[in-house]
Every structure is written in structure tokens, then in C-alpha cells.
Amino acid sequence: MKGFAMLGIGKTGWITKKDPECGPLDAIVKPIAVSPCTSDIHTVWEGALGERKDMILGHEAVGEIVEVGNLVKTLKRGDRVLVPAITPNWGSLEAQGGYSMHSGGMLAGWKFSNFKDGVFGELFHVNEADANLGLLPDGLDPAPAVMLSDMVPTGFHGAELADVQYGDKVCVVGIGPVGLMSVAAATLRGASHLFAVGSRPDCCKLAKEYGATDIINYKEGDIVQQVMDKTHGKGVDKVIIAGGDCDTFDQAIKMVKPGGRIGNVNYLGSGEFVRFSRVQSGCGMGHKTIVGGLMPGGRLRVEKLSSLMVTGRLDCSKMLTHKFKGFEHIEDALMLMKDKPKDLIKPVVVI
Ligand code: NDP
Ligand code: ZN
């Protein structure tokens, strides 16, 4: 089969590989629609995960099952499925402890385009199909449904990690597609004031549509000062980090109230250390919690989140600014993600 791969750090290209084999609990899926992720960019061009040779990229897809293992009970050939970016081993001790995303080791629930070939191949392998694949609801367009692989569950995980409650003042730092979904999640969870930090006009406009009450442009001054000015010097209850860099944690510590929570879903692709202000952390005693997490993955989560799209409470189609048709355009979509033109929010390739 053909696939678009990371050949090594900083290098990509089309390669041919043996078709994946199906284990008894597994499925082989062919993609119907896929999307590249900013994480693919960190992985290839920043080498953030270390060296990878000839690994097919991609972890966001809707697909059709072409084969299931003999122990798969609830899925069959021909089913159209939602493919979560994170596909844990559900019997692992980590999953039993509530950390499915770390099943088998830190971040090891993230397999596609990390430890094994991803979804930018003509076929791809899914472990524990019953537990990891969701059924694509009837009538749901596969192109926006691709956002259920990663953008929706990750953005929503940011709101879970920050534990957004009714009436909270929330700041979402970064309003690319992940942060936009954090804005949507914080809105659904009842945030009263929602400060969205970004700069690109299209993202800012969409953040407002998803429920942001205020836009904060990080290119027009210190975001901590801007948040403090808007909150009469009090700061926010919760911060969700979905963009920025190692220094963003310090800004989050400074703008969150004592007892506040910071939920990070940003993938720190570079930098050696994360540092934050000793004094602004209450000399370490301010009850300011930082939690950073990979999203949990799995079938239940993806099917529940898809129901928000079915009922129209979440509209992901607004994020799809660039649409391609045809497998061969995967490369174009990935390069677009790398170059990030101003009008790009998220590209999708329908196959
Ligand atoms: P984008 O690059 O599209 O968005 C990044 C956002 O951060 C933009 O709004 C950008 O603003 C803003 N930003 C950039 N620099 C700063 C800064 N210095 N201060 C404040 N804001 C800044 O990324 P995505 O939305 O696609 O992804 C966000 C992150 O989430 C990535 O690191 C990605 O790898 C990670 N991720 C994590 C996953 C997980 O499971 N934890 C899964 C998927 C993705 P501007 O408007 O100027 O562009
Ligand atoms: Zn991703």
C-alpha cells in the first residue's frame, strides 16, 4: 500500500509498505476523510518525539472497515467509523487506573504516527477495534466528523483538565482548531466570561461564534496585563492552554486566581524547561494547579462527542477552511498545516 510518511526528522515523502495485518481483536480500515494535525508538524519538523524512519503520518480520520479480527463483536466489514487519535490498550493497568492515554507507558496510548503507521495510508491498523472505533452516525458528513478524532476530544479535554464550572471566568490561550474546541467546551460547561487569546482574524471571529466574550491579541501587549485589566485585577478561575510555548505556563500562573486550575493540551515541541514565577505561584502555596494531558481516546468518548454534532450543539464544519479531494492531496494538506497561511484553521482531505 501507499502512504505519506515521515522519512526522518525534517523529511517527508510517499512510500510503499506491506499492507497491515489484522490481529484477532483488531480492524483494518481504509480512510474516507483525513486531516493533518499541528502535532504532525511538531513530530516531523521539530523532531519532538525523536527520530522516526519511514513512519506513515496522520492520526485524524473517518474510515470504512475492510477487515475485522475473529474476536471483534460489534463491528463488521463495511461499517463507517470514527477513528480516535488515541487508541489505548484497555486492559492495561494504566487504563484501569484511569489513564488510558498512557497505557503501556507515558503517551503510549497515542499510537498512530507515533509508534506505528498512521492514517495517511491506503489502509491502517486499529488495535482493540470494539473499544477504540466509534460508529459514524447516520447523516453525519465525514469531513467535519474527522474533527472528532482529535480536535474535539483534545479541545474538550482542556476544559476537563481545567475543570470549568458554571460561572467561571476562563482564559483559553491559543485559538487554533484545538483552542477553538476548548472555547466551545468551556461555553457548554457554563463559563461566564471567556477570554480567547490569538491573533488571526478568522480564528478570533470563530472564537466569538463558539462563545468567547473577549478576544485578547497576544501580539498587541502582555496577555496577563490584558486579562487583569478585564477582570479588575482579580484574574481568572481557569486557564486552558492550547497554544503558545514553555513561557505560557508562567503567564497562566500569573493570571489564574489562588485555587485556580490550568489545563494544558498544548504539545510542547521545543524548549528545555517550563518555569513559572515563584512569587505569583504564592511561593508555591497558592493552590494553583497545573495539569497537562493527552486526551483519553476510545470509543465511548468519540461516540458521545459525535452526538453533540448530531444534535447541532457543536458545529465543526466552520473550522474547515481548506478542503481537498483525493488521497494524493494529503501531502498538500500537510504542507499547508506546516506553512499555516493566515486564513487556515483546519484542512481536510476527502478521499
Ligand atoms: P494552531 O497552531 O493552529 O494554534 C495555535 C494557537 O496559539 C493560535 O491561536 C496562535 O495564535 C496561538 N499562539 C501562538 N503563539 C502564541 C503565544 N506566544 N501566546 C499566545 N498564543 C499563541 O494549533 P492547533 O490548534 O492545531 O494545536 C494546538 C496545540 O495542541 C498544538 O501544540 C498541537 O500539537 C497540540 N495538540 C495536542 C493534543 C493532545 O492530545 N494534547 C492533540 C492535538 C493537538 P495565532 O492566531 O497568532 O496563530
Ligand atoms: Zn492531532
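Note that the coordinates shown come from a computational prediction; the quantities given were computed from them, not determined experimentally.

A. Region of the structure containing the confidence of the model for the protein chain. Scored by pLDDT, the protein chain has a mean of 97; 100% of the residues are at 70 or more. Across the protein chain, element-level confidence peaks in strand β9 (residues 169-173) with a mean pLDDT of 99 and bottoms out in helix α1 (residues 38-45) with 93.

B. Broad picture of the coordination of the zinc ion (ligand 2). The protein atoms that coordinate the zinc ion (ligand 2) are C37 (SG), H59 (NE2) and D150 (OD), at distances spanning 1.7 to 2.2 Å. Positions of the donor residues of the zinc ion (ligand 2) along the chain correspond to the pattern C-x21-H-x90-D. Of this pair, C37 sits in the loop between β3 (27-34) and α1 while D150 sits in the loop between α4 (142-145) and α5 (151-161), and the two are 113 residues apart along the sequence. Across the pair, exposure class does not vary: C37 and D150 are buried alike.

C. Expanded view of the site of ligand 1. In the vicinity of ligand 1 there are 28 residues, among which T38, S199, R200, Y218 and N266 approach most closely. One of the side-chain N or O atoms of T154 is found 3.4 Å from an oxygen atom in ligand 1. Contacts to ligand 1 include P177, whose backbone N or O atom sits 3.2 Å from an oxygen atom. Within the complex, 86% of the 940 Å² of free accessible area of ligand 1 lies under protein. Counting only elements with at least two residues in the shell around ligand 1, the list comes to α1, α6 (177-188) and β10 (193-198). A total of three residues in the shell around ligand 1 trace back to one element, the largest contributor, which is α1.

D. Structural view of the sheet that holds strand β4 (residues 55-56). The strand order across the open sheet formed by three strands is β2-β1-β4, and the pairing between neighbours is antiparallel. Two strands bound the open sheet, and with one partner strand each, they are β2 (11-16) and β4.

E. Structural context of the pairing of strand β6 (residues 80-83). As judged from the four bridges shared by strand β5 (residues 61-68) and β6, these two strands associate in the antiparallel manner. Paired with V62 across the bridge in β6 is L82. In the sheet, β6 pairs with strand β8 (residues 134-135) via two bridges, with the strands oriented antiparallel. Looking at the pairing, V81 lines up with L135 of β8.

The rules behind the values
Starting from 1, residues in each chain are numbered consecutively following that chain's sequence as written. Here the convention is simple: chains get letters from A, ligands get numbers from 1, in the order in which they are written. Only residues with pLDDT of at least 70 are given local features in this predicted model, and only at 80 or more are side-chain atom pairs given and counted; all residues enter the totals for whole chains, interfaces and linings. Excluding hydrogens and water, the side-chain values take into account all heavy atoms of the structure. Note: pLDDT gives the predictor's confidence per residue, expressed from 0 to 100. Comment: elements are numbered from the N terminus, with helices defined as DSSP H or I runs of at least four residues and strands as E runs of at least two. In this analysis a donor is any N, O or S atom within 2.8 Å of a metal ion (3.2 Å for sodium, potassium and calcium), and since water is not included, sites may seem incomplete. For each residue, the accessible area found with a 1.4 Å probe, counting protein chains only, is set against the maximum for its type, and the residue is called buried under 20%, exposed over 50%, and partly exposed in between. By convention in this text, a residue qualifies as near a molecule or strand provided that one of its non-hydrogen atoms is within 4 Å of it. Polar contacts here mean pairs of N or O atoms no more than 3.5 Å apart (in protein, one a potential hydrogen donor and the other a potential acceptor; neighbouring residues in sequence count only if both atoms are side-chain atoms). Each accessible area is a Shrake-Rupley estimate made with a 1.4 Å probe; only the visible protein chains count as cover when residues are assessed. Following DSSP output, two strands are said to pair if at least two bridges run between them.

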